[in-house]
Amino acid sequence: MTRILDARRLTPVTKLFRLDAPLIAASARPGQFVMLRVREGGERIPITIADYDRAAGTITIVVQEAGATTRRVCALEPGDSLLDVAGPLGSEIDLPPGGHICGVGGGFGAAALLCLMRERSAFGDRTTTILGARTKELVILADELARVSRSVEVCTDDGSDGFHGFVTQRLAQLIAGGGPGRPDAVVAIGPMAMMRAVADTTRPHGIKTLVSMDPLMVDGTGMCGGCRVNVGGQPRFACVDGPCFDAHEVDFDTAMRRNKAYVREEKIASDLVGCVSGRSQGDASQAL
Amino acid sequence: MPVRRFDKTPMPAQEAQARAHNFFEVNGGYTAARAAFEAERCLRCQHPVCVDGCPVHIPIRDFIHAVAAGNMTGAARILRSANPLPAICGRVCPQESQCEAECSMGGRFDPVAIGHLERYVADWERTQALAIEPAITKTAKIGIIGAGPSGLVCAGELARLGYPVTIYEALHAPGGVLRYGIPEFRLPKAVLDWEIDILRAMGVEIVCNVIIGKTLTLDDLTNRLGYAAIFIGTGAGLPQFLGIPGENLNGVYSANEFLTRINLMRAYDFPNADTPVRVGKRVAVIGAGNTAMDAVRTALRMGADEAMIVYRRSDEEMSARVEEYHHAIEEGVAFHWLTGPLEVIDDGSGWAAGLKCQRMELGEPDASGRRRPVPIPDSEFVLPVDNVVLAIGTTPNPLLTRTTAGLATTAKGCLLADEATGLTSKTMVFAGGDAVTGAATVILAAGAGKRAAHAIDAALSAQPH
Ligand SMILES: Cc1cc2nc3c(=O)[nH]c(=O)nc-3n(C[C@H](O)[C@H](O)[C@H](O)COP(=O)(O)OP(=O)(O)OC[C@H]3O[C@@H](n4cnc5c(N)ncnc54)[C@H](O)[C@@H]3O)c2cc1C
Ligand SMILES: Cc1cc2nc3c(=O)[nH]c(=O)nc-3n(C[C@H](O)[C@H](O)[C@H](O)COP(=O)(O)OP(=O)(O)OC[C@H]3O[C@@H](n4cnc5c(N)ncnc54)[C@H](O)[C@@H]3O)c2cc1C
Ligand code: SF4
Ligand code: SF4
Ligand code: FES
């Protein structure tokens, strides 16, 4: 059992939790994730470690309501517990220090940039965070990210906040602008379509780009092979070799198709949970 | 009664048509009468060669004699003294190539049904109220990595010797392959849970959700947490793929994923349990070991109309337990021997629609001594299937070795360990089971755990205090 110390809604479909997990906090690194279960008979789902506080023995996660399990998680409050939390799993983000690193976050992905940007800024790297959302209310953690990265660029599809347009358009501007504002490396975390678009944006410029793949996982320990992602023509296990891979080598088409394998079953499970937050799954996925 | 001496007393089993659609255990277990009858078949050999066939040298003659004499308590005690997992091994050991292969009754007649009797005694024991109390007398703490059979047995032996033992398990439940791999219809979870309850009653602590190499390193265990010795029983759980086109289509599973979804995550109970699995009308399982047999029979139970084995060698080379093979035939599993898979065909929407294969013939023996399958030219054909399950083998999981300095491995990633003691290249770090041997058997893993426990005890007893 892992106790929830704090919980706070960030948007109607995302919630931030601080968990009492000293062992995980002690060894977590940027880019890693935990596997969690809410209840007996529940699914094991992977959730990124957004941040950790070794001294306090806590980790922070941000969960976006996508289906049955994430809704059950988002219904929990401080004092409640998660049945199982195992981690940290996966490999840490491997980027050489020095230079200008640009994190691109969409949806819950923004949260995953917190510890990465804090660490890079502390190393003395130049850091930029580009946050994307459909509209102003769905932008998360902009203030927290502003504290840990040198600059934060908010982009909204409808122009209600910051740059009017997609994260990739803003990223393209930074690249075209040249000079110190041009990133040397990009880390994109968010919906698969966004990560693919980022890959397409940086590819012609040969900018090193990592994406955090989120395939369906079962164990998260390298035992089932369900999380395999095709990278450079080779099957790689996201839970062991990833979840971050070279964006220019990833076969996104296959990854996106594989993530839709259980849409029918997910709908059944989700309908059983009902609308915890009063929103339908349609709204939740649009919120991406 | 001549029949009595020639043939094994049959094991009562669920009728094939019915059991192919449920997850209840196939075998019902001997009745007292059948067990007594079978025990009487044993010749009580002066030199019980059967024992040579058992990797942990159970005094087979003696426990069977005790059954024949109606001394169940004695039989259970003899069994347990040599094998801490009798209820499990009686069910899943490949007896036909171990104890029963050596039995003097074999050859002309059926060998004594040693496995069935072992199971009978262990199941009897399960009905008894066991008064177990922790008897921790020593102070040196032992850390065990992995709660599969090797780790469980090592823990049990050490606890019996008086050591405080903690098992760290990566998943949310202990058991290893016994929980996530071998299905309920062969090894009921209640049997496994009972064995684990005994360990807990003996004082063994089991900590789930801790991945050594990630949550804690092996060196943390020895340096920071003060474990005097470590046993590694992390298994060989990393599935292999074929590298054929279409392997990443939806509906293609490794056997580990397929079985884990169903066994550990209870997808058979979806949507009461949250993890789904998609089993179509026709399922092809590639491979012919125990894993393949479990996957193909599970597919039937999950509602497939047709479930088939596709194997590039012949039935001669099949490595599954012979009883499972016979059960699979009775349940209606189809077997495509000498059939090599070439490609999984796309249905046009990213799902598997067929398995393209070619026929093979057996050529010269290869390095393993088995005749090498050679493709027959122009023999390609397509099996229409909705699922393909790959059961072509596993390799050791690299999570621990990647993060532990000084832990020597073979080229295949298996841990190097002394055969007699399990000692690895690191001081006071021992290993056993599939992590050392590559995918093998429950009893070999259990035996390795037991040997390592005694080696650990010997090493600690020799240390100055
Ligand atoms: C390494 C990794 C890190 C992740 N980090 C986070 C995180 O920090 N916060 C967060 O909210 N989510 C994260 N996810 C995604 C999260 O695991 C899924 O949203 C979750 O498993 C969905 O479970 P569910 O039962 O609620 O929904 P389901 O009913 O299982 O799925 C609902 C919808 O979500 C999609 N989906 C299911 N599983 C995944 C998945 N693994 N990745 C992406 N989409 C999925 C389905 O296609 C479906 O459309 C991460 C995934 C991975 C692999
Ligand atoms: C489907 C299937 C059917 C089989 N049928 C039979 C049969 O009928 N008869 C037979 O004799 N054998 C059978 N086998 C083989 C047998 O199950 C194995 O040989 C045996 O389980 C090996 O035991 P083990 O203790 O070495 O490892 P495992 O059973 O693999 O257990 C290893 C455990 O360690 C955990 N672990 C791994 N890494 C870490 C880590 N870093 N930190 C913490 N924990 C970790 C794993 O989660 C797992 O629980 C079968 C195997 C399979 C897959
Ligand atoms: S443990 Fe296995 S090999 Fe040994 S006697 Fe029992 S069934 Fe036979
Ligand atoms: S070899 Fe066979 S007949 Fe002889 S003691 Fe062993 S089980 Fe009995
Ligand atoms: S989730 Fe099972 S191998 Fe990665």
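Relevant structure appears above.
So, here's what we can say about the structure. (Residues numbered from 1 in each chain as written. Chains lettered and ligands numbered in written order. Predicted model: local features only at pLDDT ≥ 70, side-chain atom pairs only at ≥ 80, totals over all residues. Heavy atoms only, no water.)

On to the sheet that holds strand β6 (residues 252-254) of chain B, then. Residues and elements named next belong to chain B. Strand order in this open sheet of 5 strands is β6-β14-β7-β8-β9, and the pairing throughout is parallel. Because the sheet does not close on itself, it has two edges, and the strands there are β6 and β9 (334-336). Averaged over all adjacent pairs, the angle separating strand axes in this sheet is 20°, with direction ignored. The pairing of β6 with strand β14 (residues 387-390) spans 3 bridges and is parallel. By the bridge assignment for β14, V252 is matched with V388. Across the sheet, helix α15 (residues 290-301) touches β7 (282-286), β8 (306-310), β9 and β14, and the angle it forms with β8 is around 165°. (Pairing = 2+ DSSP bridges. Helix = DSSP H or I, 4+ residues; strand = E, 2+ residues; numbered from the N terminus. Axes fitted to C-alpha atoms, helices over the stretch in contact; angles between N-to-C directions. Contact = heavy atoms within 4.5 Å.)

Contacts between chain B and chain A engage 41 residues on the former and 43 residues on the latter. Where chain B abuts chain A, roughly 3700 Å² becomes buried across the two surfaces, and 54% of that area is made up of carbon and sulfur atoms. Looking only at chain B, the three residues that lose the most surface to chain A are N248, D274 and R278 of chain B, adding up to 18% of its buried area. Summed over the shared surface of chain B and chain A, the number is 5 salt bridges. Note that R266 of chain B is salt-bridged to E40 of chain A, the shortest N-O span being 3.1 Å. Applying the counting criterion to the chain B and chain A interface returns 25 residue pairs in polar contact (both at pLDDT 80 or more). Take the side of chain B that touches chain A: its biggest share by element is 4 residues, from helix α14 (residues 255-262) of chain B. (Buried area = accessible area lost by both parts, 1.4 Å probe. Salt bridge = Lys/Arg side-chain N within 4 Å of Asp/Glu carboxyl O. Polar contact = N/O pair within 3.5 Å; in protein donor to acceptor, adjacent residues only side chain to side chain.)

Before going further, it helps to spend a moment on the nonpolar core. Here is a general trend for soluble globular proteins: nonpolar side chains tend to be buried in one another's company. Ranked by internal contacts, the top residues of the largest apolar core, which has 74 residues, are I60, F63, I64, I88, V121 and L158 of chain B. If near-sequence neighbours (up to four positions away) are discounted, F63 of chain B is found in contact with I58, A75, I78, L79, I114, L117, E118 and V121 of chain B. Grouped together as the second largest cluster of nonpolar side chains are 57 residues, C155, M194, V211 and M213 of chain A included. (Core = buried A, V, L, I, M, F, W, Y, C linked by side-chain atoms within 4.5 Å. Buried < 20%, exposed > 50% of the residue type's maximum accessible area, 1.4 Å probe, protein only.)

On to the site of ligand 1, then. Residues and elements named next belong to chain A. Within the structure, ligand 1 sits among 24 residues, and P46, V62, Q64, T70 and D214 are positioned closest to it. Between ligand 1 and V62 there is a distance of 2.8 Å, counted from a nitrogen atom to a backbone nitrogen or oxygen. A distance of 3.1 Å separates a nitrogen atom of ligand 1 from a polar atom in the backbone of P215. When isolated, ligand 1 has an accessible area of 840 Å², and the protein chains bury 89% of it. Put simply, the parts of the chain that give the shell around ligand 1 at least two residues each are β4 (45-48), β6 (58-64) and α2 (68-74). In the shell around ligand 1, the residues fall into 14 nonpolar, 7 polar and 3 charged. (Near = heavy atom within 4 Å. Areas by Shrake-Rupley, 256 points an atom, 1.4 Å probe, with all protein chains shown as cover. Nonpolar A, V, L, I, M, F, W, Y, C, P; charged D, E, K, R; others polar.)

Regular strands place their side chains on alternate faces of the sheet. Residue and element names in this part refer to chain A. Counting buried positions along strand β10 (residues 126-133) gives 7 out of 8 residues, so the element sits mostly inside the fold. One ladder, built from 7 bridges, connects strand β9 (residues 100-106) with β10; its direction is parallel. By the bridge assignment, G106 is partnered in β10 with G132. Following the chain from β9 across helix α3 (residues 109-123) to the adjacent parallel β10, one finds a crossover that is right-handed. As paired elements, β10 and strand β11 (residues 151-156) share 6 bridges and run parallel to each other. Its bridge partner being in β11, L131 is matched across the sheet by V154. (Right-handed = clockwise from strand over helix to strand, strands pointing away.)

Taken together, C42, L43, C45, P48, V49, C50, R61, C103, S104, M105, V112 and I114 of chain B are the residues near ligand 4. Of the residues contributing to the shell around ligand 4, the split by class is 10 nonpolar, 1 polar and 1 charged.

The next thing to look at is the sheet that holds strand β8 (residues 84-89) of chain A. Residue and element names in this part refer to chain A. If you walk across this open sheet you meet the 3 strands as β4-β3-β8, and the pairing is antiparallel. Two strands lie at the open edges of the sheet, namely β4 and β8, each paired on one side alone. Averaged over all neighbouring strand pairs, the angle between strand axes comes to 30°, with direction disregarded.

All names here are of chain A. Those residues of helix α7 (residues 252-259) that fall on the buried side of the exposure criterion are F252, T254, A255, M256 and R258. Looking at the buried positions of α7, the neighbouring elements they touch are α6 (192-202), β14 (208-212) and β15 (228-231). The opening residue of α7, the one whose side-chain oxygen lies 3.3 Å from the backbone nitrogen of D253, is D251.

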